[in-house]
Amino acid sequence: MISASRFGLLLMAMLLGSAPLHAADVGSVRGVVHDQQHRPLSEVQVKLKSATSDWLQVAVTDPRGEFSFMTVPLGDYVLSFNAADFAPSVQAVTVTSGSSPVAHVQLVKGPALDTLTVTAAAETTVLNTATPTTVVNRLDIARTPGADRSNSLAMITNFVPGAYVVHDQLHVRGGHQTTWAVDGVEIPNTNIASNLGPQIDPKDIDYLEVQRGSYEADQGDRTYGVFNVVPRTGFERDNQGELSASGGSYGQTNDYLSVGSHTERFAYYASVNGNRSDLGIATPVAQVIHDSENGYGGFSTLIFNATPDDQFRLVFSARHDNYDIPNTPPMPGQFADDVQRETDVFGILSWVRKLGADAALTSSLFFHQNRADLDGAANDSPLSTTDQRTSTYVGGQETFRLHVAQHDLQVGVTGFSQRDSESFDVLFNDGSGNAPIDQRLNPTGSLVAAYVEDTYNATDWLTFAGGVRQTHFAGAVTENATSPRLGATLRMPGVDWLLRGFWGKYYQAPPLTTLSGPLLEFAQNNNLGFIPLHGERDEEYQVGLTIPIHGWTVDVDHFHTEARNFFDHNNIGNSNAFLPLTIDGALIQGNELTIRSPRMWNVGQFHLAYSNQTADGFGAISGGLTDFSPPAGSFALDHDQRNTANAGVDLTLPRGAFASMSVYYGSGFANGDAPPSHLPGHAEINLSAGKSFGETFSASLTILNLADRHLLVDNSLTFGGVHYNDPRQIYAQIHYRFGY
């Protein structure tokens, strides 16, 4: 096996030697401009302007009336067209990593204007992609009750069907193996269920693009969800800062300070944040006992446009979180004072290079270190368990994008080396006389994936996409996987409905976790053993339909995912130390519905995310920690919840007032009995209201779980035991904008 250090050097040399270093996931916007007789118009000035910042690019149509923008960050934009003797025109577009908008613009004879005011009435074209995609912007995050708190994942669970937090882990479509990326550069993390805190503070996000299945070949090693973050950059500010602070029940506070600005060629953004609360991890009983948490972090982006064709980007993030592991009321002879300490640091250096009007080359180097330390007090009874792990990743990613005639081609390579350092200690305070366990492990591994993807626009209404991803993993086991992907979209004439279909395979590399020596003996003394972990292999098919209606967007889909070596996790003995495992197989399938309204009368916007889903496992444990039980047939996975719904509305009211409400309903997670039964359903209502005082100051009040329904929602065992949902929380927040 290639050593981690040698692999990192080889990959870095390959990336640096093959092209200028560049990064940042970008999309493209193309189109054609013609007159009323459908004759192409040349020399038309085309401007592409961000809807949320001062980002701007300008192009001129060629003799065929065509224009293109090849290096466009993900987000919402407005195209404007100006030509002599013609009335100006505008069109709104949304750019995502799975879609390249193509605008067909007809200019009408009339007076040209120097300026044009663009309003929210501009219609946005439906995303032409086989990948179900949800785009959440920073206004959505700011207005959704509780979503902008440092440790909140409401920006995902409120807008993405089939997304929920259970046993303190985010699940999407029945699994918890998800990918976080910044500007399309994936932050590698092969570990399962070891971390509680999110990697990025929601307040640092400009756009969040969530993809759930049907991925193109450039993505998809973590099957169940891809969260692509477009961070704040400073292009939306001009020597401006923001300060927010909050306080409320359970002694909670979330505080944040950021600054940012830009010139024509350079932009910067930097933030720091801190938070604390006496209510952290989901409690195993109704009482909140030993459950405080606190954290702090920083985030920064630097962007430099060296030339019109070269952009350099540096993204850096560091975060640390501390969690008390909640307790039940102590029984005689039992005591627990476990804590979880986590640190996550990553840096991404990128260079985007335009190669003419129809090609772009993107290269990135990245570093990621993730640490999760479970520390038990020395006098914990009956056991004191310490499990400390640090994973370090170094790697790179390079993508070449080319538009030729009706084809959009992507070719790329990505890879990383990984080195783990893990220590495991057990003290026996039960009077058994067992000797303490003290073991140190330093496994290493590496992954390289190459891919090619072609999107063929057969006609204006029919598009095909096909690609393949080849992955090589080397760790405790060595595996190779070929993952083909096929997709198609059909735009129905006259109604602009978009029908999509997809079939594809995925491979997820296993964690480096292993057992040996005293640790293996301890597991065996608990009637457990360890089988080497192999990667999960998934096959998915999906069909969907997107329906635009007067600015509303309705999207429905059906998906079917079959998994071999399905990743899950289990604990060692009577401890909070969890190790990954794989189950022979799993079948996850469901139907999803999302509805998103326009901002009606410039007052309110509505959204709904609904999922009807089953998550079933079958067979025995095939890898990781196991008691070697025989296959048990089919069973509901512990995160199986048949119906999940999130609905919300935010309102802009007179005199600077604003209000929002979200409603969550879950029909109940699997109860573990046979035949499959489920816990009772549960629902929560969250409210937020506030008022702006001029352009610089605002204040708001938020109530989470208004009815204070505090009940058992999950009986699977993770940190601290089973899980009650959070009780009612009330907090106030102030927000101040300033110049400097």
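Here is what the cut-offs are and how they apply
- Residues numbered from 1 in each chain as written.
- Predicted model: local features only at pLDDT ≥ 70, side-chain atom pairs only at ≥ 80, totals over all residues.
- Heavy atoms only, no water.
- Helix = DSSP H or I, 4+ residues; strand = E, 2+ residues; numbered from the N terminus.
- Rg over C-alpha atoms; globule rule 2.2 N^0.38 Å.
- Buried < 20%, exposed > 50% of the residue type's maximum accessible area, 1.4 Å probe, protein only.
- Pairing = 2+ DSSP bridges.
- Axes fitted to C-alpha atoms, helices over the stretch in contact; angles between N-to-C directions.
- Salt bridge = Lys/Arg side-chain N within 4 Å of Asp/Glu carboxyl O.
- Core = buried A, V, L, I, M, F, W, Y, C linked by side-chain atoms within 4.5 Å.
- Contact = heavy atoms within 4.5 Å.
- Patch = residues over 30% accessible without salt bridge, like charges linked within 9 Å, V, L, I, M, F, W, Y side chains within 5 Å.
- Areas by Shrake-Rupley, 256 points an atom, 1.4 Å probe, with all protein chains shown as cover.
- pLDDT = per-residue confidence, 0-100.
- Arc of directions from axis to C-beta.
- Phe/Tyr/Trp six-rings, centres within 6.5 Å; stacked < 30°, edge-to-face > 60°.
- Lys NZ or Arg CZ within 6 Å of the ring centre and 35° of its normal.

**Structural notes on the overall build of the chain**
A count of helical and extended segments in the chain gives four helices and 41 strands. Taking 2.2 N^0.38 as the reference for a compact globule, 740 residues should give roughly 27 Å; the C-alpha atoms of the chain span a radius of gyration of 26 Å, in line with that estimate. Taking the principal axes of the C-alpha coordinates as reference, the chain spans close to 95 × 60 × 50 Å. Here the chain holds 740 residues, and 57% of them are scored as buried.

**Quick notes on the sheet that holds strand β3 (residues 56-60)**
Strand order in the open sheet formed by four strands is β3-β2-β5-β6, and the pairing between neighbours is antiparallel. One side of each edge strand has no neighbouring strand; the edge strands of this open sheet are β3 and β6 (89-95). Here the average twist between neighbouring strands, direction ignored, is 20°.

**Focus: the pattern of salt bridges**
Throughout the structure, instances matching the rule amount to 27 salt bridges. When the shortest N-O distance is used, the salt bridge between Arg-313 and Asp-183 registers 2.8 Å. Of the two residues, Arg-313 is situated in strand β19 (residues 310-324) and Asp-183 in the loop between β11 (178-182) and β12 (185-186); the sequence distance between them amounts to 130 residues. Assessed through its relative accessible area of 7%, Arg-313 is described here as buried. Asp-183 gets classed as buried once you look at its relative accessible area, which sits at 3%. Where Arg-371 meets Asp-373, a salt bridge forms, and the shortest distance between an N and an O atom there is 2.6 Å. In this structure Arg-371 comes out as partly exposed when scored by relative accessible area, which is 34%. Its relative accessible area of 6% is what places Asp-373 among the buried residues. Through salt bridges with shared partners, one network takes in Arg-173, Arg-212, Arg-500, Glu-540, Asp-555, Asp-557 and Glu-592.

**Description of unusual backbone geometry**
Of note in this structure, Asp-183 is not a glycine but carries a positive phi near 50°. Positive phi outside glycine occurs at His-550, with the angle close to 50°. Topologically, His-550 is positioned in the loop between β30 (536-549) and β31 (552-571). Here His-550 falls in the exposed class, since its relative accessible area comes to 76%.

**Side note on the nonpolar core**
Grouped together as the largest cluster of nonpolar side chains are 39 residues, with contacts concentrated most on Ile-156, Trp-180, Leu-208, Phe-227 and Phe-346. Among the secondary structure elements, those contributing two or more residues to this core are α3 (154-157), β10 (169-172), β11, β13 (205-211), β14 (225-231), β20 (339-354) and β25 (444-457). Excluding anything up to four places from it in sequence, Leu-208 contacts Thr-134, Val-135, Val-136, Met-155, Ile-156, Trp-180, Phe-227, Asn-228 and Val-229. Membership of the second largest hydrophobic core comes to 24 residues, among which are Val-72, Ala-103, Val-105 and Tyr-207.

**Notes on the sheet that holds strand β1 (residues 27-34)**
What the three strands build is an open sheet, ordered β4-β1-β7; its pairing is mixed. Edge strands, defined here as strands with exactly one partner in the open sheet, are β4 (66-72) and β7 (102-106). Strand-to-strand, the axes of this sheet are offset by a mean angle of 20°, without reference to chain direction. Bridge count between β1 and β4: five bridges; the pairing is antiparallel. Looking across to β4, one finds that Gly-31 is bridged to Phe-67.

**Section: a nonpolar patch on the surface**
A contiguous nonpolar patch, built from Leu-243, Leu-257, Val-272, Phe-693, Phe-697, Ile-734 and Tyr-736 and spanning about 600 Å² of accessible area, is present on the exposed surface. Along the polypeptide, Phe-693 turns up in strand β37 (residues 682-693).

**As for the confidence of the model for the chain**
In the predicted model, the chain carries a mean pLDDT of 86, and 91% of its residues have values of at least 70. Confidence drops under pLDDT 50 across residues 1-24; counting only partners more than four residues distant or on other chains, this segment forms 65 contacts. Overall, residues 112-124 carries pLDDT values under 50, and its contacts beyond four positions in sequence, including any with other chains, amount to 16 contacts.

**What about helix α4 (residues 517-525)?**
Side chains three or four residues apart in an α-helix point the same way, a direct result of the helix having 3.6 residues per turn. Taken as a whole, α4 has its buried residues at Leu-519, Phe-522 and Ala-523. The buried residues of α4 occupy an angular sector of 100° when projected down its axis, which confines them to one face. In this structure, α4 carries Glu-521 and Asn-525 as exposed residues pointing more than 90 degrees from its buried face.

**Some remarks on the pairing of strand β35 (residues 643-652)**
One ladder, built from nine bridges, connects strand β33 (residues 604-626) with β35; its direction is antiparallel. Looking across to β35, one finds that Leu-608 is bridged to Ala-647. The sheet contact formed by β35 and strand β36 (residues 657-666) spans nine bridges and is antiparallel. In the strand pairing of β36, Thr-644 is matched with Gly-666.

**A look at the packing of aromatic side chains**
By the definition in use, this model includes 14 aromatic pairs. The structure contains a cluster of three or more aromatic residues connected by ring pairs, namely Phe-67, Phe-69 and Phe-81. Here the basic side chain of Lys-691 rests over the ring of Phe-693, its NZ or CZ set 5.6 Å away from the ring centre.

**Some points on the side chain of Thr-626**
Relative to the elements of secondary structure, Thr-626 occurs in strand β33. Among the residues examined, Thr-626 registers a relative accessible area of 3% and is labelled buried. If sequence neighbours within four positions are ignored, Thr-626 has contacts with Asn-527, Leu-528, Gly-529, Ile-531 and Ile-621.

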